Amino acid sequence: MAALQTKRGCEHPCVYCTYPLLEGHAIREREPSVVVDDIEMLVSRHNAKYIFFTDSVFNDSRGRYRTLVQEMKRRSLSVPWTAFFKPSAEMDGAIIEVMRETGLHAAELGSDAPTDATLRGIGKDFLFRDVERCNSMFLDQGVATAHYFMFGCPGETRETVEEGIANILSLQKAAIFVFMGIRILPGTGLVKIAVRDGLLREGQSLLEPTYYISPKVERQWMEN
């Protein structure tokens, strides 16, 4: 597997994430033709069998990733690849079909929270129905899916935990990775939320791993 980045920067305001701190909020793209040159070089000269696009989010909200995918199709590229995807209303079955034709083998979806309430709590701009829709569109094209979900997000309660489990179980033919608690990292919006909720002291060092778990839900109950 060879890793390849098509752009840097992240426009999304997710409260736990350091990507905008590390790469900036503005997206800076590489020329699609140059990225495809790199893919061809990795395959022909270095015998790469699989490409992983390491962008924080491959399918940017403005749809600029479509130009890259179309360039891959124009050059008749078909090497297995995967990427991190956002469950986005912008994406449709037609572009997923083109991605599959160029070799998309699996989609890793940053669904992140399994209810509308906890998605809002971590600053997402999509709903769980978008997660279900995108999962179905990928499956319709024969593309395997994996989802990552966190429990204990801001706004989490017993009710949202139970709703979230039911929502996850409703997803068809998907690999699911579940985490409890969110690592609090310096400079993120989660620091202010944790201080507000009494889980962190103002100015507390975060060198030792410190995790946010909503004070509205009992940790032991949720773990069980």
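Residues numbered from 1 in each chain as written. Predicted model: local features only at pLDDT ≥ 70, side-chain atom pairs only at ≥ 80, totals over all residues. Heavy atoms only, no water.

K.L.:
Even after reading the chapter, I still don't get the packing of aromatic side chains, so can you show me in this structure?
P.N.:
For any two aromatic rings, the description comes down to two numbers: the centre-to-centre distance and the angle of the planes. Across all of its chains, the model carries ten aromatic pairs by this definition. Plain terms: the ring middles of phenylalanine 58 and tryptophan 81 are 5.3 Å apart, the flat faces sit at 50 degrees to each other, and that makes the pair tilted. Taken together, the residues phenylalanine 58 in the loop between strand S4 (51-53) and helix H3 (65-74) and tryptophan 81 in strand S5 (residues 81-85) connect sequence positions 23 residues apart. With relative accessibility at 0%, the residue tryptophan 81 sits in the buried group. Taken together, a centroid distance of 5.6 Å and an interplanar angle of 65 degrees make the contact between phenylalanine 58 and phenylalanine 85 edge-to-face. In this pair, phenylalanine 58 is assigned in the loop between S4 and H3 and phenylalanine 85 in strand S5, connecting sequence segments 27 residues apart. Taken as a pair, phenylalanine 58 and phenylalanine 85 share a single burial class, namely buried. (Phe/Tyr/Trp six-rings, centres within 6.5 Å; stacked < 30°, edge-to-face > 60°. Helix = DSSP H or I, 4+ residues; strand = E, 2+ residues; numbered from the N terminus. Buried < 20%, exposed > 50% of the residue type's maximum accessible area, 1.4 Å probe, protein only.)

K.L.:
Teacher, can you tell me more about the pattern of salt bridges here?
P.N.:
Close approach of charged atoms lets side chains of opposite charge pair. Summed over all chains, the structure comprises 16 salt bridges. Taking the shortest distance from any N to any O, the salt bridge between arginine 30 and aspartate 38 comes out at 2.7 Å. Note that arginine 66 and aspartate 92 form a salt bridge whose closest N and O atoms lie 3.0 Å from each other. Within this pair, whereas arginine 66 is found in helix H3, its partner aspartate 92 is found in the loop between S5 and helix H4 (93-101), the two being separated by 26 residues in sequence. The network of salt bridges with common partners includes Asp37, Glu40, Glu71, Arg74 and Arg75. (Salt bridge = Lys/Arg side-chain N within 4 Å of Asp/Glu carboxyl O.)

K.L.:
Just to check I follow, could you spell out the nonpolar core for this structure?
P.N.:
Burial of nonpolar side chains together is a common tendency in soluble globular proteins. Counting 31 residues, the largest nonpolar core has Ile51, Phe53, Phe58, Trp81, Phe85 and Met99 as its most contacted members. Counting residues per element, the ones that place at least two in this core are strand S1 (2-4), helix H2 (32-46), S4, H3, S5, H4, strand S6 (104-112) and helix H6 (128-140). Apart from residues no more than four positions distant in its own chain, methionine 99 is found in contact with Phe58, Tyr65, Val69, Trp81, Phe85, Met91 and Leu104. Core analysis: the second largest hydrophobic core is formed by 28 residues, Cys14, Cys17, Phe126 and Ile184 among them. (Core = buried A, V, L, I, M, F, W, Y, C linked by side-chain atoms within 4.5 Å. Contact = heavy atoms within 4.5 Å.)

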